[in-house]
Amino acid sequence: MLGRFTSYLATLFRAYEADEVDAARFRARQIQAILRLTPLAMIINFLNVLVVAFALWSEPVNRTILLAWALTVSALSVLGFRGWLRARSRPEHKTASRRAMRHGVFQAAMLGLAWGALPLLFQADLHSTAQFYVGMVTVGMVCAGGFALSSMPAAGTAYVVCLGSAAAWALYSSGLEQSRGFAGLLLVYSVVVVYSVWSHAKSFGARLVAESRAERQNEVISLLLKDFEDHTSDLLWELDQSGRFVQVSSRLAHVVGVPGERLARLHGLALLRRWMPRDEQGVQQWKQLQTHLKSQRAFRDQHLSLLTRRGRSWWALSARPLVDEHGNTLGWRGVAADITDKQMAHMRLSWLANNDSLTGLVNRRQFREMLETLLHSPAQGDNTFAVVVFDLDDFKQINDGRGHAAGDHALNLFGQRLLAVSRRSDTVARLGGDEFAMVLRGAIEQQEVRTMLDRLLQALNGSDPQAADAENLPASMGVAFAPGDGKDVDTLLNHADLALYAAKHAGGNQYRFFEPSLEDGNRRRAALAQALRGAIERDELRLAFQPQVTTSDQRICGFEALLRWHHAEYGDVSPSEFVPIAESAGLMHAIGDWVLHKACEEAALWREDINVSINISAAQLTAPDFVARVQSAASGIASGRVELEVTESVLIDDGDTAVASLRRLRALGFRTALDDFGTGYSALGYLRQFPFDTLKIDRSFVRDLYTDHDAQVLVETIVAMARALGMATVAEGVEDVRQASMLAEHGCSCLQGYLISRPMPAHVVAAFIHDWQGIDEIAPAQASLQVPLGIA
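What counts and what doesn't
Residues numbered from 1 in each chain as written. Predicted model: local features only at pLDDT ≥ 70, side-chain atom pairs only at ≥ 80, totals over all residues. Heavy atoms only, no water. Helix = DSSP H or I, 4+ residues; strand = E, 2+ residues; numbered from the N terminus. Buried < 20%, exposed > 50% of the residue type's maximum accessible area, 1.4 Å probe, protein only. Areas by Shrake-Rupley, 256 points an atom, 1.4 Å probe, with all protein chains shown as cover. Polar contact = N/O pair within 3.5 Å; in protein donor to acceptor, adjacent residues only side chain to side chain. Contact = heavy atoms within 4.5 Å. Pairing = 2+ DSSP bridges. Axes fitted to C-alpha atoms, helices over the stretch in contact; angles between N-to-C directions. Parallel < 35°, antiparallel > 145°, perpendicular 65-115°, else oblique. Nonpolar A, V, L, I, M, F, W, Y, C, P; charged D, E, K, R; others polar. Phe/Tyr/Trp six-rings, centres within 6.5 Å; stacked < 30°, edge-to-face > 60°. Expected span 1.5 Å × (residues − 1). Patch = residues over 30% accessible without salt bridge, like charges linked within 9 Å, V, L, I, M, F, W, Y side chains within 5 Å. Salt bridge = Lys/Arg side-chain N within 4 Å of Asp/Glu carboxyl O.

I'd love a proper account of the overall build of the chain, names of residues and values included.
Counting secondary structure elements, the chain contains 30 helices and 19 strands. In the chain, which comprises 792 residues, the proportion classed as buried is 47%. Surface summary for the chain: the accessible area is close to 40,100 Å², and the carbon and sulfur share equals 55%.

Dropping the structure here:
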């Protein structure tokens, strides 16, 4: 029982539990709470002394003792006021010692004894009215002093005990009627006041402990947030109720390019609006952000485009409102994620969906959509225009004789010269290969088109004195007018192509306008179509094979089979020319079967760890018996060694049928590859529908790999995406060791291009495999094999 009682008393007379570090901080807070009330308390003490001295001056008391008592209490009040002034003039202490607490308790006890001396010295000699008055002052000082000192409970207890005990003894010894009862009642009041003091002190202590825990949590959170900001591109931000920044981090100040002190004084939303561009997108984003803020609800990934001192950037804002217990908004807190790289990559992909990656001009898809819009425009005059199609006359010689780099330069230069002679209202496009096109809006007469084309021919032939590059780029041109020469896109472009072929047949480096008679003059296409019908029987088709090697150990992992056609009259005919003719003439099934059988027949002679990649056309892939044709062709080779390549255009033509055929082939063990990945946009959607084994990175990205940051980001993104989806990657068009090294660093699986070898005839493949020593030895190996350049 005694132990429990002792434990209860220890708990009762303990304001808080804390280690010495926290206790020192709590003691400082307790003293600060006392000091805040000290001026008022000392003034009240001094006024009470004056009032008491004045009231008792006429009573039968010893005035010398009364004056001495008044001076003592006044002196203690002055000392207390002096202590407050000294504390105010010094920096605020964060901690306080136990000695400082004991000093405070001593001062409170002394003040309590001084006031307790009042009834002890004068109670017995006073008249009843004065006695009542002194009793009221004493009780009032007990209660007021106790509560004033309640934040320091030991001082409050000392004060109440000293004053209450002295007053109770004065009452007890006064000889008044019922004096004992009054003395006992005063003691009870004093005990109640002491209990109240400790109860308030416990509440005060609990608040100190809670605040300490909150501060520690804030410190931990601040450290975690700082570590988060140091290791991520995201930013933490907070706005108060007025929209100003709160707790500006150094990283936030660095990113926006404004010093932190100045940033903390600025209105966050006004600053944000000033950074946002004034274009249509910027206005729309600002309206969306305003809507989120007015709704007073949390939001995520609100994209914003900003123009700060550090340049243009894109951010995704996520935030939630800060509210009080009544639901009133106190501000906003959230995260700003830097999505500049993602946005640039997305813009690049979107741009590639509508533009040619080499020249930057509008691509075929966007050009056709624009023609469709113009032809069906309800506005008068918008559907009246001329379409000019271009084809470089000597591009094959440039590409084969001087290399792909020279060919790319010629295409870029040609596009620049088209732009140089075009008007702002005109549109220039690259349709593919060396095919270009231009729309001349509002052109209805041949003469106005002649003037522009004559100027263009002058520029292309290098005779324009204003041209910076005088390289000769002869080209053939065909012109068709809308709507007279065609009221739909296909007819209009077909008629322009017929005029182009007429210009080529006339010797090239000139233009022709479409005439109805040209429809009967498309001799080459008809002749080629006719010649193709017997090409297999005349043994005119050949396969060339271009090797693919792994980046990890430079091992030959496969060859791509490339179709070639040499005609006795027409010579080497480009696949880009005869393949479309074969497709339109319905010959691709037979030619495709021949390629499948021939490629698998050659691959059967290679090592079993070397695969063969075969390009598949849309006509083949959508045929009902295509899977059976592939099985028949590959009967002499393991299905896992045969990889079927398709392009995005094949999937777009009849996506459902194509994907169904690919699924059946993959189930039989055949490998599948998506060719020229990255040049289109909708191919991303097909990766979700069908899991290809291989993604082939288009040569345009490889060519710009160490000169274009966007190309690096896209290649790295494609490789990472393929790895995540469990796909291999093959980079096409690798021409130097630096490109190969960067692709290997990015994690690309295989390489293909002139760095390894040009396409080679089938009879050279075995020797190439035998002599292959790796990329460092590729040049000697090629020289020993003597691969004819014409095959490429």
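Describe in detail the side chain of Ser-357, supporting the description with residues and values.
Mapped onto the secondary structure, Ser-357 falls in the loop between α12 (340–354) and α13 (364–375). Within polar-contact distance, the side chain of Ser-357 engages the side chain of Ser-700 at 3.4 Å. Residues within four places of Ser-357 in sequence aside, it is in contact with Arg-348, Trp-351, Leu-352 and Ser-700.

Tell me about the sheet that holds strand β7 (residues 435–441), and please be specific about residues and values.
Strand order across the open sheet formed by five strands is β6-β7-β5-β8-β9, with mixed pairing between neighbours. In the strand order of this sheet, the two ends are held by β6 (427–432) and β9 (511–513), each with one partner. Sheet twist, expressed as the mean angle between neighbouring strand axes with direction ignored, is 20°. Summarising the sheet, β6 and β7 pair through five bridges and their orientation is antiparallel. Following the sheet pairing, Gly-432 is matched in β7 by Glu-435. Lying over the sheet, helix α15 (residues 404–421) contacts β5 (385–392), β6, β7 and β8 (475–482), oriented at roughly 10° with respect to β7. Across the face of the sheet, helix α16 (residues 446–460) comes into contact with β5, β7, β8 and β9 while running at roughly 160° to β8.

Report on the packing of helix α2 (residues 20–56) against helix α5 (residues 128–148), specifying residues and quantitative values.
Where α2 contacts α5, the axes come no closer than 12 Å and their chain directions differ by 175°. As judged from the angle between their axes, α2 and α5 are roughly antiparallel. Contacts from Ile-34, Leu-37, Asn-45, Asn-48, Val-51, Val-52, Ala-55 and Leu-56 of α2 reach α5 at Ala-130, Tyr-133, Val-134, Val-137, Met-141 and Ala-148. A class-by-class count of the residues in the contact of α2 with α5 yields 12 nonpolar, two polar and no charged.

Would you mind going over the packing of aromatic side chains in detail, with residue names and values included?
Applying the stated rule across the entire model yields 11 aromatic pairs. With 5.9 Å between their ring centres and 75° between their planes, Phe-390 and Phe-414 make a pair best called edge-to-face. Placement of the pair is Phe-390 in strand β5 and Phe-414 in helix α15, with a sequence separation of 24 residues. With respect to burial, Phe-390 and Phe-414 carry one shared label: buried. Both rings, one in Tyr-511 and one in Phe-513, keep their centres 5.9 Å apart while their planes meet at 85°; by these two values the pair is edge-to-face. For the pair shown, Tyr-511 and Phe-513 are each scored as buried. Ring-pair connections join several aromatic residues into one group, and the members of that group are Phe-545, Phe-559, Trp-606, Phe-768 and Trp-772.

If you had to explain the pairing of β6 to someone new, which residues and values would you point to?
For β6, a buried count of five out of six residues is recorded, marking the element as mostly surrounded by other parts of the structure. Where β6 folds back on β7, the antiparallel hairpin that results is connected by two residues, among which Gly-433 adopts a positive phi of roughly 60°.

Outline helix α4 (residues 98–122), listing residues and values.
Compared with an ideal rise of 1.5 Å per residue, which puts 25 residues at 36 Å, α4 spans 37 Å between its outermost C-alpha atoms and is within 8% of the ideal. By the burial criterion, the buried members of α4 are Met-101, Gly-104, Ala-108, Ala-109, Leu-111, Gly-112, Ala-114, Trp-115, Gly-116, Leu-118, Pro-119 and Phe-122. Next to the buried residues of α4 lie α2, α3 (63–89), α5 and α6 (153–172).

Could you give an account of a nonpolar patch on the surface, with specific residues and numbers?
Taken together, the side chains of Ile-65, Leu-120, Leu-121, Trp-169 and Tyr-172 present a nonpolar region at the surface, about 490 Å² in accessible area. Of all the secondary-structure elements, those providing two or more residues to the nonpolar patch are α4 and α6. Summarising the element assignment, Tyr-172 is placed in helix α6.

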